[in-house]
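# Examining the three-dimensional arrangement
As a plain string of letters, each chain reads:
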Amino acid sequence: MGELKKSVSVQEQRAFLKICTLLNYSIGLSGNLLQKAVGKNALKKSAVINWMKSFKEGRTNTEDALRLGRPRSPSKQERQERIQEVLRCFSRVSINNISAQLNIPFASVERILRDDLCLVSKLGEYGPHSLSPSQKEKRVDIAHMNLSWLSHRKDDLRRFICLDESWFEFFTPLQRHQARSWVGSGTSAEPIPRAELHERKVLLIVGIDVHGVAFWKTYKENITMTAERYKSFLEEYIPKWAIHRNIKASVLLHDNARHHKAYVVQELIEDRSWIELPHPPYSPNMNPCDFNRFVFRH
């Protein structure tokens, strides 16, 4: 019986008092019956009086009333989980926005991000393109195919020549932090002329092999690369490079630009018995020319 008495909850005692009210029992009788049934776990006399008075006034439920007061502050773990949820939805969000969205103090958000979650805010680099699932799959397939081809011809790496072209400025203007000079306290620094609105640029085409830059060529201003120019460049430089490196069959790697895949260029590659490796779309890190230039610029 002792375990049964202990199992009687507060809600059940309140329900008993509700029945006593319906039976028109007095408060003293109801309290005595409750004390006799439950023992030391029974509600206090003041609680019995308040509950029976509330039932007589029309109250029907036995649950605690909602208490007004200071709302409960979320725990540290809850704050961490809420901040992580925001970052999962969108990682490029400022501390101010997180603080305003979650109603958490700025200093707390900063401390959780830095100390608890061990996160740092880093400036993202612009990538050349966002690959689709099919392009990613094609990228992996081509990489496996090229590696498989090379694994059977380990000595052929010296036959590779990587090609690409890009625009470069005649003169790169100084950055703000580079414009400082050491002068006397009463002397003005040497003035730096402002950069032109439209900088002069030239077209540079370069070939890279296992030894580094093998050859390169610049074109005059306002000259764009066409299939005929690219064909002429290959006809001029690839044979010279092959003779210098003592190579019989050159292996070309360039991207999928229109002038690279033009009929006249493909016809030249076939006539000269050169090998052209496939290049996955929008994959600059799979061509040394693209990769080095991309890292340098960004």
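Below is a short write-up of the structure.

Calculation notes
- Residues numbered from 1 in each chain as written.
- Predicted model: local features only at pLDDT ≥ 70, side-chain atom pairs only at ≥ 80, totals over all residues.
- Heavy atoms only, no water.
- Helix = DSSP H or I, 4+ residues; strand = E, 2+ residues; numbered from the N terminus.
- Contact = heavy atoms within 4.5 Å.
- Phe/Tyr/Trp six-rings, centres within 6.5 Å; stacked < 30°, edge-to-face > 60°.
- Buried < 20%, exposed > 50% of the residue type's maximum accessible area, 1.4 Å probe, protein only.
- Axes fitted to C-alpha atoms, helices over the stretch in contact; angles between N-to-C directions.
- Parallel < 35°, antiparallel > 145°, perpendicular 65-115°, else oblique.
- Nonpolar A, V, L, I, M, F, W, Y, C, P; charged D, E, K, R; others polar.
- 1 Å grid on protein atoms, 1.4 Å probe; cavity = no way out; pocket = protein on both sides within 12 Å on 5 of 7 lines; lining within 4 Å.
- Points joined across faces, edges and corners; volume = space filled by probe spheres on them.
- Arc of directions from axis to C-beta.

Turning to its location among the elements, Asn41 is positioned in the loop between helix H3 (27-38) and helix H4 (45-56). In this structure, the C-alpha to C-alpha distance between Asn41 and Lys6, residues 35 residues apart in sequence, is 7.0 Å. Here Asn41 is in contact with Lys5, Lys6 and Gln13, once residues within four sequence places are set aside.

Describing an aromatic ring pair means giving the distance of the ring centres and the angle of the ring planes. Enumeration according to the criterion identifies four aromatic pairs in this entry. Geometrically, the ring pair formed by Trp51 and Phe55 is tilted, given 5.7 Å between the ring centres and 40° between the ring planes. Here Trp51 pairs with Phe55, and both are found in helix H4, just four residues apart, close to one helical turn. Its relative accessible area of 11% is what places Trp51 among the buried residues.

The phi dihedral of Cys118 is positive, around 55°, even though this residue is not glycine. Even without a glycine there, the phi angle at Asn246 is positive, about 60°. Looking at the element boundaries, Asn246 is found in the loop between helix H9 (227-245) and strand E4 (251-253). The class of Asn246 is exposed, set by a relative accessible area of 61%.

Running from N to C, helix H5 (residues 76-89) and helix H7 (residues 106-116) cross one another at 85°; their axes reach a closest spacing of 11 Å. The pairing of H5 with H7 is recorded here as roughly perpendicular in orientation. Between H5 and H7, the residues in contact are Lys76, Arg79, Gln80, Ile83 and Leu87 and Ser108, Val109, Ile112, Leu113 and Asp116, respectively. Taken together, the residues of the contact of H5 with H7 sort by class into five nonpolar, two polar and three charged.

By volume, the largest pocket is sized at about 480 Å³. Taken together, 16 residues form the lining of the largest pocket, with Ser91, Val93, Val120, Ser121 and Lys122 sitting closest to its centre. Breaking the lining of the largest pocket down by element, the ones donating at least two residues are helix H6 (95-102) and H7. Counting residues per element, the lining of the largest pocket draws most heavily on H7, which supplies three residues. When grouped by side-chain class, the residues that make up the lining of the largest pocket number eight nonpolar, four polar and four charged.

Moving on, we come to helix H10 (residues 263-271). Turning to H10, its buried residues number three or more, namely Val265, Leu268 and Ile269. The arc that holds the buried residues of H10, viewed along the axis, is 100°, so those residues lie on one side. Summarising the geometry of H10, the exposed residues directed more than 90 degrees from the buried face are Tyr263, Glu270 and Asp271. In this structure, the buried residues of H10 make contact with H9, E4 and strand E5 (275-276). With its phi angle positive at about 60°, Ser273 sits one or two positions after the end of H10.

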